[in-house]
Amino acid sequence: MDTALEALLANEPTVLGLGEPSHAVPAFQGERNEIFAALVERGFRSIALETDRVAAIAIDDYVSGRADSYDPDAFSHGWGGLDGNRELVEWMRAYNASHPDPLTFYGMDAVTETVSAPSPRRYLRELCTYVAQERWDDLDELLGDDEPWDEVFDPSASLGGSDRAKTLRASADDLIGALYASAPRLIAATSVRAWHRAHTCGTAAVNLLRYHAQVAIEGPDRLTRMSAVRDAWMAQNMLDIRVIEQHRGPTLLHAHNRHVQRNTSRMRMGAEELEWASAGSILSALLADRYAVVLGSLGASPALRLAAPPAGTYEHALDARRERLISGATAREVTVGLERRGDSPNQMYFPLDADDIASADAFLHVAVAPGEAPDPNETVSELARNIAAGWAGLISRRPDVRQLYVEYDSEAPESNWGNYFFYVGEEQQYQPFATVVIRNMPGFDEESRLDRPDVVRLNLHVGRQEFERLFGAADGFDYSTVDEILPHPVYATQGWVCVLNPERTFAEVDRLIGVAHANAVARRDRRESSHRAE
């Protein structure tokens with residue numbers, strides 16, 4: 001590994017992008033931690049992960065010793081549930097405690113996904129508090145309720161194209177201008193770190209409003225445009241991080257291959273073929289040879305039901321090398337005339353393609369990821385299925401509720417077999433307001449420990465206002481606790497709560513089902529009102 005790393009660092013990159021073909025393979029986070037430790041010995045002083053940049057500031061406070069603890073939920077996209085990420089944070093904290101030149105932890109992503117995009121309220125409020133408190137009341141009135149901002153499925157009901165969204169975006173841009181204009185005074189009164197935090201919130205507000213604007217535009221390329229905004233935002237975050245880190249040493253960037261690769265990103269989502277400029281392609285264009293990229297490659301994974309790669313594929317040729325880190329030149333030499341592996345049975349894995357092979361500086365190859373293949377029937381007892389069916393019946397009694405049950409052995413991902421999804425009216429193409437799930441999603445949603453035979457989880461989208469009323473700023477939850485209302489381990493930031501095997505909590509859960517149902521009805525009515533207005 002040392003020799004391969006030395007060759008990779010010969011051009012002295014300021015950003016080294018390290019990709020993984022799936023977030024559901026813990027081996028890649030373990031490899032990343034080893035690589036980062038080796039890079040630290042070679043002068044790297046920061047790491048940026050595919051997690052929300054603003055929320056990650058709290059993680060860095062812990063890493064740096066400014067805070068005594070941190071909430072794993074500060075990781076967005078469920079990354080706090082991955083052992084490798086928590087181990088990285090603890091290693092960095094221990095390193096900083098005994099070294100004078102500290103390491104810094106960053107997020108380079110945002111809170112957006114193709115299924116969620118929140119209100120920009122928290123970013124604008126913090127920016128105003130720092131630079132122009134007197135403007136907050138006007139912005140607060142323009143923002144209105146947070147719940148309608150959650151609409152990402154129906155363009156006609158999105159707030160992204162509204163006059164108030166455009167005014168908010170212009171206001172956020174003006175505040176960023178004021179932040180720069182007042183930098184000498186503000187930094188003298190606070191600190192450079194405080195100024196950068198406000199700047200991070202400001203750019204998050206502008207980019208989130210830019211994302212909402214794309215949500216509101218109809219068209220067959222809508223998901224492509226949303227993906228493009230997210231990756232451009234990632235690239236901007238990385239460039240801003242490099243401004244902060246430019247005198248301290250290079251930065252390791254760790255994210256999915258689709259974000260760090262030099263080539264255009266492509267993926268299928270439903271019937272749509274998405275194609276957009278990856279964050280890596282943007283960084284490569286702007287940083288030239290100061291950006292290096294290592295793509296993750298996976299041979300076999302029993303946990304993902306991914307068998308050994310067949311002969312004639314890129315992964316099969318990399319398997320034969322029996323090396324962890326393989327140079328791009330070597331990979332191109334041994335894969336001449338080979339082809340892309342067929343689509344995976346697991347939607348969380350992306351095999352290498354010809355453009356990946358042609359453009360990467362090196363490949364981190366995991367021949368066999370540890371883990372056993374799950375039996376979709378073994379960990380779900382008859383009692384669990386009966387509990388799930390009972391709650392499904394209770395939810396379905398609400399007015400105008402439609403229920404979707406995912407059959408066993410269907411074409412749906414196995415992690416959804418036996419689960420229930422609930423919608424209001426004929427709105428199945430939109431986000432459900434409640435779900436009942438009976439199994440883990442490996443590598444993504446495992447903290448509830450649904451691998452226990454008799455455990456079922458009820459999830460409810462109660463909205464951000466009710467969520468804050470329930471939990472406030474509390475943290476440190478044990479998501480495996482039975483019969484206690486908890487934030488959802490993955491989707492808490494979108495206003496989702498959950499409860500395992502509710503019995504004692506029945507009355508409160510029944511009330512929250514009503515809240516979630518009422519919010520869904522209100523969203524349906526807003527959509528219908530928007531459609532009538534057209």
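For the structure itself, consult the block above.
As the structure is a prediction and not an experimental result, all values here were calculated from the model. (Residues numbered from 1 in each chain as written. Predicted model: local features only at pLDDT ≥ 70, side-chain atom pairs only at ≥ 80, totals over all residues. Heavy atoms only, no water.)

Caption draft 1: Expanded view of the overall build of the protein. Scanning the protein from terminus to terminus reveals 18 helices and 15 strands. For 534 residues, the compact-globule formula gives about 24 Å, and the C-alpha radius of gyration of the protein, at 23 Å, lands near that figure. Judged by the C-alpha coordinates and their principal axes, the protein covers about 65 × 60 × 50 Å. Counting over 534 residues, the protein shows a buried share of 56%. (Helix = DSSP H or I, 4+ residues; strand = E, 2+ residues; numbered from the N terminus. Rg over C-alpha atoms; globule rule 2.2 N^0.38 Å. Buried < 20%, exposed > 50% of the residue type's maximum accessible area, 1.4 Å probe, protein only.)

Caption draft 2: Broad picture of the sheet that holds strand 15 (residues 496–500). Read across the open sheet, the 6 strands follow the order 10-11-12-13-15-14; overall the sheet is antiparallel. Pairing within the sheet leaves two strands with one partner each, and these edge strands are strand 10 (401–405) and strand 14 (486–487). Taken together, the 2 bridges between strand 14 and strand 15 define a ladder with antiparallel strand orientation. Across the sheet, Pro-487 pairs through a bridge with Val-497, a residue of strand 15. Set on the sheet, helix 17 (residues 464–471) makes contact with strand 14 and strand 15; between it and strand 15 the angle comes to about 55°. (Pairing = 2+ DSSP bridges. Contact = heavy atoms within 4.5 Å. Axes fitted to C-alpha atoms, helices over the stretch in contact; angles between N-to-C directions.)

Caption draft 3: Expanded view of helix 12 (residues 279–287). Listed as buried for helix 12 are Ala-279, Gly-280, Ser-281, Leu-283, Ser-284 and Leu-287. Positive backbone phi, at 55°, marks Ala-288, one or two positions downstream of helix 12.

Caption draft 4: Quick peek at the nonpolar core. Phe-105 and Leu-298 are the most contacted members of the largest nonpolar core, which totals 43 residues. Within the residue set of this core, elements represented by two or more residues are helix 1 (2–8), strand 1 (15–20), helix 2 (26–41), strand 2 (46–52), helix 3 (56–63), helix 4 (83–98), strand 7 (291–300) and strand 9 (362–368). Residue contributions to this core peak at 6 residues, all from helix 2. For Leu-298, the residues in contact, after removing those within four places along its chain, are Pro-21, Val-25, Phe-28, Leu-304, Leu-306, Glu-315, Arg-341, Tyr-349, His-365, Val-366 and Ala-369. By size, the runner-up hydrophobic cluster in this structure holds 41 residues, among which are Val-131, Leu-159, Ile-176 and Ala-183. (Core = buried A, V, L, I, M, F, W, Y, C linked by side-chain atoms within 4.5 Å.)

Caption draft 5: Focus on the state of the cysteines. For the structure on display, the rule yields 0 disulfides. Its sulfur unpaired, Cys-201 is 11 Å from the next cysteine sulfur, which belongs to Cys-128. (Disulfide = S-S within 2.5 Å.)

Caption draft 6: Broad picture of the pattern of salt bridges. Scanning the entire structure with this criterion turns up 32 salt bridges. Between Arg-321 and Glu-323 there is a salt bridge, with the nearest N and O atoms lying 3.0 Å from each other. Assessed through its relative accessible area of 33%, Glu-323 is described here as partly exposed. Three or more residues joined by partner-sharing salt bridges are found here, namely Arg-45, Asp-101, Glu-245 and Arg-248. (Salt bridge = Lys/Arg side-chain N within 4 Å of Asp/Glu carboxyl O.)

Caption draft 7: A look at the environment of Arg-169. Position of Arg-169 among the secondary structure elements: in helix 7 (residues 163–181). Its relative accessible area of 32% is what places Arg-169 among the partly exposed residues.

Caption draft 8: Inspection of helix 13 (residues 314–321) at higher detail. When helix 13 is considered as a whole, its buried residues turn out to be Tyr-314, Glu-315, Ala-317 and Leu-318. In a view along the axis of helix 13, the buried residues occupy a sector of 160°, so they form one face of it. On its buried side, helix 13 packs onto strand 7, strand 8 (325–327), helix 14 (328–334), helix 15 (354–359) and strand 9. Positive phi appears at Arg-322, one or two residues downstream of helix 13, with a value of about 55°. (Arc of directions from axis to C-beta.)

Caption draft 9: Representation of unusual backbone geometry. Positive phi is not limited to glycine here, since Glu-12 has a value of about 55°. Its location among the elements puts Glu-12 in the loop between helix 1 and strand 1. By relative accessible area, which is 56% here, Glu-12 ends up exposed. Look at Asp-483: it is not a glycine, yet its phi comes out positive at around 60°. Mapped onto the elements of the fold, Asp-483 is located in the loop between helix 17 and strand 14. Asp-483 sits in the buried class, given a relative accessible area of 12%.

Caption draft 10: Region of interest: the packing of aromatic side chains. A complete count under the given rule lists 12 aromatic pairs for this structure. Taken together, a centroid distance of 5.0 Å and an interplanar angle of 40° make the contact between Tyr-62 and Tyr-70 tilted. Residues Tyr-62 and Tyr-70 agree in their burial class; the two are buried. An aromatic cluster of three or more residues is present, and its members are Tyr-62, Tyr-70, Phe-75 and Phe-105. (Phe/Tyr/Trp six-rings, centres within 6.5 Å; stacked < 30°, edge-to-face > 60°.)

Caption draft 11: Examining the side chain of Glu-31 more closely. As for its position among the elements, Glu-31 is in helix 2. Taking relative accessible area as the criterion, Glu-31 reaches 12% and is therefore assigned buried.

Caption draft 12: Here's a closer look at the packing of helix 9 (residues 192–215) against helix 10 (residues 222–245). The contact between helix 9 and helix 10 brings their axes to 9 Å, and the two run at 170°. Regarding the angle of helix 9 to helix 10, the classification is roughly antiparallel. You can see that helix 9 and helix 10 cross each other, and the crossing is right-handed. Counting all contacts with helix 9, which are made through His-196, His-199, Thr-203, Ala-204, Asn-207, Leu-208, Arg-210, Tyr-211, Gln-214 and Val-215, the residues of helix 10 involved are Arg-222, Arg-225, Met-226, Val-229, Arg-230, Trp-233, Gln-236, Asp-240 and Ile-244. Class assignment for the residues of the contact of helix 9 with helix 10 results in 8 nonpolar, 6 polar and 5 charged. (Parallel < 35°, antiparallel > 145°, perpendicular 65-115°, else oblique. Left-handed = near helix turned anticlockwise from the far one by under 90°. Nonpolar A, V, L, I, M, F, W, Y, C, P; charged D, E, K, R; others polar.)

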